[in-house]
Amino acid sequence: MPSSLVARPAEPSRRLLLRLAAAGALGLAGAAAAQRPTPERTSVTLAVGGKTSLPCLPLTIAEQLGYFRDEGLQVELQDHPGGGLAQQALLQGRADVAAGGFEHPVLLRPRGTHCRAFVLLGRAPQLVFGVGTRALPEFRSLAQLRGRRVGVTSADSSSHWFAQRLLARAGLAPTDVEYVGVGTAITPVAALREGRIDALADIDPAISLLEYRADIRVVADTRSLRGTHELYGGPMPGACLYARDAFVLRYPQTVQALTNAVVRALKWLHTAGPSDIVRTVPESYMHGDRSVYLSALDKAREALSPDGMASDDSVATAHRIVAQQLQATDGLRATAVGASHTNDFARRARQRFLVS
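So, how was this worked out
Residues numbered from 1 in each chain as written. Predicted model: local features only at pLDDT ≥ 70, side-chain atom pairs only at ≥ 80, totals over all residues. Heavy atoms only, no water. Helix = DSSP H or I, 4+ residues; strand = E, 2+ residues; numbered from the N terminus. Buried < 20%, exposed > 50% of the residue type's maximum accessible area, 1.4 Å probe, protein only. Contact = heavy atoms within 4.5 Å. Areas by Shrake-Rupley, 256 points an atom, 1.4 Å probe, with all protein chains shown as cover. Pairing = 2+ DSSP bridges. Axes fitted to C-alpha atoms, helices over the stretch in contact; angles between N-to-C directions. Salt bridge = Lys/Arg side-chain N within 4 Å of Asp/Glu carboxyl O. Disulfide = S-S within 2.5 Å. Core = buried A, V, L, I, M, F, W, Y, C linked by side-chain atoms within 4.5 Å. Parallel < 35°, antiparallel > 145°, perpendicular 65-115°, else oblique. Left-handed = near helix turned anticlockwise from the far one by under 90°. Nonpolar A, V, L, I, M, F, W, Y, C, P; charged D, E, K, R; others polar.

Student: Go over the overall build of the protein, please, and point to the residues and values.
Tutor: From N to C terminus, the protein includes 15 helices and 10 strands. Scored against the burial criterion, the 356 residues of the protein give a buried share of 53%. Restricting the contact set of the protein to residue pairs at least 6 apart, pairs at least 24 apart contribute 78%. As displayed, the protein offers around 16200 Å² of accessible surface, 51% of which is attributable to carbon and sulfur atoms.

Student: Just give me the short version of the sheet that holds strand β8 (residues 199-202), but keep the residues and values in it.
Tutor: An order of β7-β6-β8-β5-β9 is seen for the 5 strands of this open sheet, with the pairing classed as mixed. Taken across any chain shown, the strands that pair with only one partner, and hence form the sheet edges, are β7 (178-181) and β9 (216-221). Each neighbouring strand pair of the sheet contributes to a mean axis angle of 25°, computed without reference to strand direction. Sheet topology places strand β5 (residues 128-132) next to β8; 4 bridges connect them, and they run antiparallel. Residue pairing in the sheet places Val131 in a bridge with Ala199 of β8.

Student: Lay out the pattern of salt bridges with the relevant residues and their values.
Tutor: Summed over all chains, the structure comprises 21 salt bridges. One salt bridge in this structure joins Arg148 and Asp198, with 3.7 Å as the shortest N-O distance. Taken together, the positions of Arg148 in the loop between β5 and β6 (149-152) and Asp198 in the loop between α7 (187-193) and β8 put the pair 50 residues apart, joining distant regions of the chain. Between Glu211 and Lys299 there is a salt bridge; the shortest N-O distance is 3.0 Å.

Student: Mind laying out the sheet that holds strand β10 (residues 239-244), listing which residues take part and the relevant values?
Tutor: Strand order in the open sheet formed by 5 strands is β2-β1-β3-β10-β4, and the pairing between neighbours is mixed. Of all strands in the sheet, those with a lone pairing partner are β2 (74-80) and β4 (115-120), marking the two edges. Each adjacent strand pair in this sheet contributes to an overall mean axis angle of 30°, direction not counted. Two strands pair when backbone bridges link them, and strand β1 (residues 43-49) and strand β3 (residues 97-101) are joined in this way by 3 bridges, in the parallel orientation. Paired with Val48 across the strands is Ala99, a residue of β3.

Student: Go over the side chain of Thr113, please, and point to the residues and values.
Tutor: By secondary structure assignment, the location of Thr113 is in the loop between α5 (103-108) and β4. What makes Thr113 buried here is its relative accessible area of 16%. Not counting the four nearest positions on each side in its chain, Thr113 is found in contact with Leu91, Leu108 and Arg244.

Student: Explain the state of the cysteines residue by residue, including any values.
Tutor: Tallied over the full model, the rule gives 0 disulfides. Between Cys115, a cysteine without a disulfide, and Cys240, which holds the nearest cysteine sulfur, the sulfur-to-sulfur distance is 10.0 Å. Of the residues examined, Cys115 reaches a relative accessible area of 0% and is grouped as buried.

Student: Kindly report on the nonpolar core, identifying the contributing residues and their values.
Tutor: Residues Leu46, Leu59, Val97, Phe118 and Leu241 are the most contacted members of the largest nonpolar core, which totals 48 residues. The greatest single-element share of this core, amounting to 10 residues, is contributed by helix α11 (residues 252-269). Among the nonpolar cores identified, the runner-up in size contains 41 residues, and Val131, Val150, Met236 and Val322 belong to it.

Student: Can you lay out the packing of α11 against helix α15 (residues 344-353) for me, pointing to particular residues and giving the numbers?
Tutor: It is the contact of α11 with α15, at a shortest axis distance of 8 Å, that shows an interaxial angle of 55°. Looking at the two axes, α11 sits oblique to α15. Along this stretch, α11 crosses α15, giving a crossing that reads as right-handed. Contacts between α11 and α15 pair Pro252, Val255, Gln256, Thr259, Asn260, Val263, Arg264 and Lys267 from the former with Phe345, Ala346, Arg348, Ala349, Arg350, Arg352 and Phe353 from the latter. Residues that form the contact of α11 with α15 fall into these classes: 7 nonpolar, 3 polar and 5 charged.

Student: Explain the packing of helix α6 (residues 158-169) against helix α9 (residues 225-232) residue by residue, including any values.
Tutor: One way to put it is that α6 packs onto α9 with a least axis distance of 12 Å and a crossing angle of 55°. Considered as vectors, α6 and α9 are oriented oblique to each other. In this structure, α6 contributes Phe162, Arg165, Leu166 and Arg169 to the contact, and α9 contributes Glu230, Leu231 and Tyr232. Taken together, the residues that form the contact of α6 with α9 break down as 4 nonpolar, no polar and 3 charged.

Student: Requested: an account of the pairing of β3, with residues and values cited.
Tutor: Burial runs high along β3: 5 of the 5 residues are buried. Relative to β10, β3 runs antiparallel, the two sharing 4 bridges. Across the sheet, the residue bridging to Ala98 is Tyr242, located in β10.

Pasting the structure below:
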C-alpha cells in the first residue's frame, strides 16, 4: 500500500493540549498542597489595631483575596480602635495573635509577658503627628500644646508613644497635655474637626482625609523612609503580627500559614495598581473618598514591607527607642536585641513565593 494511504494517528488538537497542560498544572498544585504542612489550628482570632487603616492593608488583601483560606485557615480579624486595645485582647486571651506596632512585643517582654513578632507588615511606622489649623492657626512650636488635648488611637499604643516622644523633645512631660483615645478611620477626623482635640497622632487614611481639607498641619511624618530616619535616627519597623511565645512554639505551622498569607499579600501589593486596589479593598474602607484613599496609599507604598522580614538595623532602632521609653516611664531595661522577634517564618514564606 502506498505510504500516502497509510492511516496516521490523529494529531491532538490545540484545545486538547491546553486541557492536558492545565490538568498537569492542577495535579502539581494539588501535590504541592498535599505536601504542605497542615496548620495545627484551622481557626485563628487576630486582634487588629484599626482594621481599615493602611498599615493593616496587607491583612485586608490576604482576607479579600482568600490567601488565609488557601493556607487552610479561617481568620477572624477582630477590629479594635488602636494597637493598645488589640494588645489587651491578646493578653486577656480574647485573641490568639495581634497586629500592632513593632514596639509592642519589645515592650512587653521586660514587663513580664513574653511575646514575639513573626512577620512585618511595614518597614516604617506610617504614624503622623499634626496640629489642628483651627485650634492653632498661628502654630510655631510643639511647646504651644501645653495644656491642650492630643488625640491618639488608644492608650499604650504606638501612636501614644510616638506623640509622647515628639512632645518630650519640645520639653513637654506626659502630664503637660491630655491624651484622648480617638481610634482610627473616620473617628479622629470628626474629633479634630469638631474641636474635641487640638492635635493628633494617627495613621492613614484619617490623616490624608484631614490634609485634603487643610484641617491639619503635619509636624512629623513616618509614612516615608526618610521621615522615619529623621525622627528615629535610623530605620524603624512598622506594624507586625505578634503572639505569645507559647503560641508560636506550640503552633508553628499555624504561624507559618499566617506568615505565608501576609507575605503573599505584600507581594501582591507591590505590583498592584489603583484599579486592583479599588476592586479588592471594600468601598467602606475608603470612607467616602476613593481618590484620597489612593493618594494616601501612594504616599505609604515605600513603607510597606517587601517581604515580611525585619532588618537588623531596624530592630536595633526599635530596641533603642523602647529602652529610652522604659527608663523614662517604667524604670526597666529592654531585653536583648532579637529576643522579641524572629525572621524564620518570613524567610520560609519569602522562599516559597520567590519574593525578591
